[in-house]
Amino acid sequence: MTLTDWNPILGRLTLQSLDPLKAVFDPTVNNFIASGAADAVVVGALLGVVLMTKYRLWKPLWNNWLTTVDHKRIGVMYIVLALVMLVRGVVEAVLMRAQQADGLHGGFLSADHFAQLFSTHGTIMIFFMAMPFLTGLINIVVPLQIGARDVSFPMLNSVSLGLTVAGAALVMISLVLGDFSTGGWTGYPPYTEAAFQPGVGPDYWIWSLGIAGLGSTLTGLNFIVTIYKERAPGMKFMHMPMFTWTALCTAILLVFAMPPLTVCAVMLALDRYAGFHFFTNALGGNMMNFANMLWLFGHPEVYILILPAFGVFSEIVSTFSGKRIYGYASLVLATMCIAVLSFTVWLHHFFTMGQDADVNAAFGIATMLIGIPTGVKIFDWLATIYRGRLQFTVPMVYMLSFMMLFVIGGLTGIILANPTVDFQVHNTLFLVAHFHNMLIPGLLFGMLAGYNYWFPKVFGFRLNEKWGHVSAYSWTIGFVLAFFPLYAVGLMGMTRRTVSYTNPAFQPWFQIALAGGFFVLFALFSMGMQLYVSIRDRDLLEAGADDPWNARTLEWATPSPVPAYNFAIVPTVDSRDAYAMAKASGAAYMSPARFNNIHLPGKTSLGVVTAVGGTALGFGLVWHMWWLAILSLVLVVAAFLARTFTEDEGVTIPSGIARRDFDAWMKRIRPEGWSDDTAPEMPGLETAQPMEHAE
């Protein structure tokens with residue numbers, strides 16, 4: 001685009017930028033697919049607005065959700081965002097597999113469209129599906145597990161959500177206006193430099209990740225402080241549940257790993273916008289600096305994604321085996337070892353880029369070493385299952401599928417840790433199969449298991465088991481069919497990111513992979529049906545929803561749905577599995593002698609302002625609408641400054657209401673024939689005081 005193409009109001013935006021019109025300007029199959037996707041986004045958004053207006057839901061949405069600082073509701077919104085992005089990511093994946101299944105004959109997608117698909121698919125699934133999903137579960141569960149009223153900085157939690165939503169919105173807008181990057185989810189220059197891609201695609205990538213990455217960094221800081229400072233009286237570090245341990249290590253990784261991504265995105269932006277040469281061959285630039293910074297983030301990011309899933313599986317295997325987790329101390333130590341070692345292996349992502357043999361060998365050894373603490377976890381989980389009273393619930397099905405498939409993926413990772421082997425298969429679909437073999441059974445199955453496990457705690461009724469099992473088995477079968485064939489074609493020499501091919505031996509494998517994609521689509525459909533049937537039959541599924549699994553940790557020592565204040569009286573903890581111990585002694589059903597008034601922080605619209613302003617800022621920067629970028633930045637900064645002069649008096653829950661709610665809950669859950677007169681005392685319950693916020 002030349003200077004004469006730029007408009008002071010619309011920037012680079014023209015009629016040709018509208019994806020819904022692509023099929024009008026050039027009626028090809030490829031463009032009909034692109035326009036159809038854009039139309040689906042527009043129609044979906046309009047339908048949402050119409051339904052919200054028809055059923056008068058705007059006010060409840062604003063009052064109860066968008067302006068809330070309740071960590072549980074913020075967590076739910078993160079997960080809703082993740083599920084929406086999961087749908088788009090899966091549809092794009094199936095479309096790519098359909099193209100490759102017909103790739104011997106050229107297929108139906110253009111090379112540019114295919115490149116955009118694998119770029120958006122990777123970006124969405126990592127940054128806007130996986131990250132919001134795990135952040136949502138951490139938001140919901142961790143404060144409850146440590147006996148806290150909320151996170152340390154509730155308002156910051158809302159702002160972090162707003163930044164994540166802004167990044168996701170930019171990716172969705174790219175489906176309607178303009179194109180996305182064709183440089184992959186890693187954004188490697190020179191493919192993303194202005195000389196190679198002068199359009200808006202790489203700019204969408206830069207600003208969506210930059211804005212969302214800032215939110216993830218702030219989330220990490222928030223949960224580090226929360227876990228350090230907000231634990232219930234008596235809860236030592238070695239009393240914390242495993243999910244909280246993995247959340248703590250994940251938060252630390254976020255704080256140290258996200259800044260390199262932010263820095264390299266800003267440097268790439270300076271190359272594109274200001275004529276800098278950080279990553280070009282001209283004037284001293286070096287694209288290897290980008291690769292190093294990207295993977296200084298990228299490999300810890302793998303464990304940012306996996307560690308929370310490990311925590312979910314630790315809770316699930318203990319609960320549904322009916323026993324304490326085996327090797328708790330070794331699991332904690334393994335989690336910390338993984339977190340540390342994750343920063344020592346980044347270079348194995350570019351073994352093929354010219355380092356000498358000694359450097360490659362050192363990073364190959366480090367890569368193999370990181371498999372040891374992961375193996376410790378697998379054996380601890382197996383030992384927990386051994387001679388346990390197993391319940392084959394939906395979360396446990398995900399757990400067992402994970403253990404079988406993740407070990408296979410780990411073994412292929414050990415193979416790739418050998419630089420000489422990696423040199424042969426690095427740029428093939430073997431690597432793609434390995435990567436998905438780790439993240440789908442590891443991250444996605446873990447998140448879906450946690451979704452099924454903690455759903456009744458948030459909403460007060462369980463999810464339908466029948467449709468849950470159908471979905472879990474469909475995910476497992478679909479994954480195996482979709483990605484195991486890629487190991488074969490990768491070893492046969494099929495390079496990744498290839499839109500078509502001439503070797504007929506590849507085609508049967510891709511047809512099997514496409515069949516797996518349809519199984520995955522059916523798994524998504526089953527999840528939707530599970531939610532629909534569960535809401536329809538919620539009265540039947542309500543029984544025992546306060547503690548439907550006979551669980552062991554403190555989040556289950558609350559009513560379902562959990563009240564805004566979490567605990568009527570913050571408990572005193574003196575052991576691991578505090579709730580299981582209290583139930584065993586009868587102390588879980590005791591009424592405290594005294595209740596206190598509970599103070600909670602008030603609502604704020606700052607998260608919404610951040611989401612809207614961040615989206616407008618990114619959009620303005622992408623399309624060179626400088627007036628919009630400056631205006632939105634000024635408005636967001638002004639909103640933050642105004643907030644500093646606003647005193648938040650918060651909300652006070654009178655002790656009488658807390659007592660009333662507690663008594664109603666006890667009446668519902670106490671064993672038949674219970675009497676306070678014959679019950680044991682719960683140490684410290686009467687004197688425990690409400691936790692204070694740092695904010």
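Residues numbered from 1 in each chain as written. Predicted model: local features only at pLDDT ≥ 70, side-chain atom pairs only at ≥ 80, totals over all residues. Heavy atoms only, no water.

K.L.:
So what's going on with the pattern of salt bridges? Which residues, and what values?
P.N.:
According to the stated counting rule, one finds twelve salt bridges in the structure shown. In this structure, Lys72 and Asp70 form a salt bridge, with 2.8 Å as the shortest nitrogen-oxygen distance. Judged by relative accessible area, Lys72 falls into the buried class, the value being 7%. Here Asp70 falls in the buried class, since its relative accessible area comes to 11%. (Salt bridge = Lys/Arg side-chain N within 4 Å of Asp/Glu carboxyl O. Buried < 20%, exposed > 50% of the residue type's maximum accessible area, 1.4 Å probe, protein only.)

K.L.:
Lay out a nonpolar patch on the surface with the relevant residues and their values.
P.N.:
Taken together, the side chains of Ile9, Leu10, Trp627, Leu631 and Leu635 define a hydrophobic patch exposed on the protein surface, amounting to about 490 Å² of accessible area. Here Leu10 lies in the segment before helix 1 (22-25). (Patch = residues over 30% accessible without salt bridge, like charges linked within 9 Å, V, L, I, M, F, W, Y side chains within 5 Å. Areas by Shrake-Rupley, 256 points an atom, 1.4 Å probe, with all protein chains shown as cover. Helix = DSSP H or I, 4+ residues; strand = E, 2+ residues; numbered from the N terminus.)

K.L.:
Summarise the packing of aromatic side chains; cite the residues concerned and give the values.
P.N.:
Using the criterion set out here, one finds 44 aromatic pairs in the structure. For the pair Phe662 and Trp665, a centre-to-centre distance of 5.9 Å together with 75° between the ring planes defines the contact as edge-to-face. Remark: Trp665 and Phe662 occur in helix 21 (residues 655-669); sequence separation between them is three residues, near one turn of the helix. The burial state of Phe662 is the same as that of Trp665; both residues are buried. Over the face of the ring belonging to Trp65 we find Arg73, whose NZ or CZ atom lies 4.7 Å from the ring centre. A cation sits over an aromatic face here: Arg576 above Tyr328, 4.1 Å from the ring centre. (Phe/Tyr/Trp six-rings, centres within 6.5 Å; stacked < 30°, edge-to-face > 60°. Lys NZ or Arg CZ within 6 Å of the ring centre and 35° of its normal.)

K.L.:
How would you explain the nonpolar core if you had to name every residue and give the values?
P.N.:
If you look at the biggest cluster of nonpolar residues, it comprises 199 residues, and the most contacted ones within it are Trp381, Leu443 and Trp475. No other element matches the 21 residues that helix 9 (residues 287-321) contributes to this core. Apart from residues no more than four positions distant in its own chain, Trp381 is found in contact with Phe310, Phe313, Ser314, Val317, Ile325, Leu331, Met399, Phe402 and Met403. Within the second largest apolar cluster, seven residues are counted, among which are Phe114, Leu117, Phe118 and Val499. (Core = buried A, V, L, I, M, F, W, Y, C linked by side-chain atoms within 4.5 Å. Contact = heavy atoms within 4.5 Å.)

K.L.:
Explain the domain arrangement of the chain to me, using residue names and the numbers behind them.
P.N.:
In terms of domains, the chain is made up of domain 1 (1-56) and domain 2 (57-604 + 648-693). In this complex, domain 1 contributes 20 residues to the contact, which on the side of domain 2 involves 20 residues. When the two sides are added together, the surface that domain 1 and domain 2 hide from each other amounts to roughly 1600 Å², 62% of it contributed by carbon and sulfur. In terms of surface lost to domain 2, no three residues of domain 1 exceed Arg12, Asn30 and Met52, which account for 35% of the buried area on that side. Joining domain 1 to domain 2, the criterion identifies two salt bridges. At the junction of domain 1 and domain 2, the tally comes to ten residue pairs in polar contact (both at pLDDT 80 or more). (Domains from an automatic or database assignment. Buried area = accessible area lost by both parts, 1.4 Å probe. Polar contact = N/O pair within 3.5 Å; in protein donor to acceptor, adjacent residues only side chain to side chain.)

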